[in-house]
Amino acid sequence: MTVLVAYSSKYGATEGIAERIAAALRTAGVEADARPVESVDDPAAYDAFVIGASAYMGSWRKDATRFVRRHRDLLAARAVWLFSSGPLGTERTDAEGRDVLVQAQPKQFAEFAESIKPRNVQVFFGAMDLSRLRGRDRLVSRIPAVEKILPNGDFRDWPAIDAWAQGIAQELASAPTGA
Ligand SMILES: Cc1cc2nc3c(=O)[nH]c(=O)nc-3n(C[C@H](O)[C@H](O)[C@H](O)COP(=O)(O)O)c2cc1C
């Protein structure tokens, strides 16, 4: 049983989460490789998948979305977990009392719930070093309304990430194949 942790990361925050998930799976006795989605040549070689990307303006990164769409039939037949990295800050609820991690699900997750039926989807708090932003991201981050919801810093919740990965290892041990 080998799990592919495939990720798409623009500035490195999601890459760190993917590496951590792969490490936690290995600690739990599950073979796991973390790779950027664009470097995966033969996904059929893997038994199960964790696929993660960051969200920008409500959307999962395009190469991760393309990966899921391209390999839809394979993924629908195997065990898949999806995650998104995004919200910045530590507040679990927004001004309307809604769960920030539910609100931050990228819009593509509704499509994937139908097309590949993942076993679980999860949003994790992200990280951003605003001084490293390039191009359009830099311009958008300076819009006052956006600036308020993009605090600088690393908000990745490592205990939550480890716990999620351990849950995956347990599920794979009890129900290794199929969707
Ligand atoms: C311009 C901009 C737009 C963003 N839009 C969203 C968003 O819509 N939803 C979200 O959850 N996070 C959003 N974020 C936060 C990033 O997704 C977060 O920092 C993520 O952890 C970055 O991961 P990466 O370095 O792997 O790309 C945005 C960040 C920037 C700079």
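We now turn to the structure provided with this report. A quick note: this is a predicted structure, and the numbers were derived from the prediction, not measured. Numbering of residues starts from 1 in every chain and runs along the sequence as written. Note on the predicted model: pLDDT of at least 70 is required for a residue's local features to be given, and 80 or more for side-chain atom pairs to be given and counted; whole-chain, interface and lining totals, by contrast, use all residues. Excluding hydrogens and water, the side-chain values take into account all heavy atoms of the structure.

1. Considerations on the packing of aromatic side chains
For Phe, Tyr and Trp, where Trp contributes only its six-membered ring, two rings pair if their centres lie within 6.5 Å, and the inter-plane angle classes them as stacked under 30 degrees, edge-to-face over 60, or tilted in between. For the coordinates displayed, the defined rule picks out six aromatic pairs. What links up through ring pairs into an aromatic cluster is the set Trp-60, Phe-109 and Phe-112. Geometrically, a charge over a ring is one whose NZ (Lys) or CZ (Arg) sits within 6 Å of the ring centre while staying within 35 degrees of the ring normal. Just above the ring of Tyr-56 sits the side chain of Lys-10; from NZ or CZ to the centre is 5.2 Å.

2. So, the site of the ligand
Taken together, 23 residues form the shell around the ligand, and within it Ser-9, Thr-14, Ala-55, Tyr-56 and Gly-58 come nearest. Ala-55 has a polar backbone atom sitting 2.6 Å from an oxygen atom of the ligand. In protein, a polar contact requires one atom able to donate a hydrogen and another able to accept it; more generally it is a pair of N or O atoms within 3.5 Å, and residues adjacent in sequence count only if both atoms are side-chain atoms. At 3.5 Å from a nitrogen atom of the ligand is found a main-chain nitrogen or oxygen belonging to Gly-86. All accessible-area figures derive from a Shrake-Rupley calculation using a 1.4 Å probe, and residue coverage is judged against the displayed protein chains alone. Computed on the free molecule, the ligand has an accessible area of 660 Å², of which 93% lies beneath the protein chains in the complex. With a 1 Å grid laid over protein atoms only, a set of points is called a cavity when a 1.4 Å probe fits there but cannot get out and a pocket when it is open yet has protein on both sides within 12 Å along at least five of seven lines; lining residues have an atom within 4 Å of a point. Molecules are considered to sit inside a cavity or pocket once more than half of their atoms lie within 2 Å of its grid points. Counting atoms within 2 Å of the grid points, the majority share of the ligand lands in the largest pocket. Counting from the N terminus, the helices are the DSSP runs of H or I reaching at least four residues and the strands are the DSSP runs of E reaching at least two. Listing elements by their share of the shell around the ligand, those giving two or more residues are α1 (13-27), β3 (48-56), β7 (127-128) and α6 (135-141). At three residues, the largest contribution of residues to the shell around the ligand is made by β3. We call a residue near a molecule or strand whenever a single non-hydrogen atom of that residue lies within 4 Å of it.

3. Comments concerning the pairing of strand β5 (residues 79-85)
Where burial is concerned, most of β5 is hidden: seven out of the seven residues are buried. Note on exposure labels: buried denotes an accessible area under 20% of the residue type's maximum, exposed denotes more than 50%, and partly exposed covers the range between, all computed with a 1.4 Å probe on protein chains only. Here β5 shows no split at all, with Ala-79, Trp-81, Phe-83 and Ser-85 on one side and Val-80, Leu-82 and Ser-84 on the other all buried. Direction of pairing for β3 relative to β5: parallel, over a ladder of seven bridges. Each bridged residue has a counterpart across the sheet, and for Ala-53 the counterpart in β5 is Ser-84. Here, a strand pair is defined by DSSP locating no fewer than two bridges between the strands. In the sheet, β5 pairs with strand β6 (residues 120-124) via five bridges, with the strands oriented parallel. Residue pairing in the sheet places Trp-81 in a bridge with Asn-120 of β6.

4. Re the layout of surface pockets
Grid points are joined across faces, edges and corners, and a volume is the space filled by probe spheres set on the points. Reported here for the largest pocket is a volume of approximately 1,200 Å³. Looking at the largest pocket, it is lined by 45 residues, and the ones nearest its centre are Ala-55, Tyr-56, Met-57, Gly-58 and Leu-150. Elements supplying a minimum of two residues to the lining of the largest pocket: α1, β3, β4 (59-60), α2 (62-70), α4 (100-103), β7 and α6. Gly is placed with the polar residues, together with every amino acid not listed as nonpolar (Ala, Val, Leu, Ile, Met, Phe, Trp, Tyr, Cys and Pro) or charged (Asp, Glu, Lys and Arg). When grouped by side-chain class, the residues that make up the lining of the largest pocket number 19 nonpolar, 16 polar and 10 charged.

5. Quick word on α2
Those residues of α2 that fall on the buried side of the exposure criterion are Asp-63, Ala-64, Thr-65, Phe-67 and Val-68. Its buried side turned inward, α2 meets β1 (2-8), β3, β4, α3 (72-77) and α5 (108-115). Residues count as neighbours in contact if any of their non-hydrogen atoms are within 4.5 Å of one another.

6. Some details on the pattern of salt bridges
Between Lys or Arg on one side and Asp or Glu on the other, a salt bridge is scored when a side-chain nitrogen of the former is within 4 Å of a carboxyl oxygen of the latter. Going through the model one piece at a time under the given rule, you end up with 10 salt bridges. Linking Asp-137 and Lys-10 is a salt bridge whose minimum nitrogen-to-oxygen distance equals 2.8 Å. Pair noted here: Asp-137 is in helix α6 and Lys-10 is in the loop between β1 and α1, with a separation of 127 residues, a long-range link. Taking the shortest distance from any N to any O, the salt bridge between Arg-92 and Asp-99 comes out at 2.8 Å. Overlapping salt bridges, with partners in common, bring together Asp-94, Glu-96 and Arg-98 in one network.

Coordinates in, geometry out; function isn't part of it.
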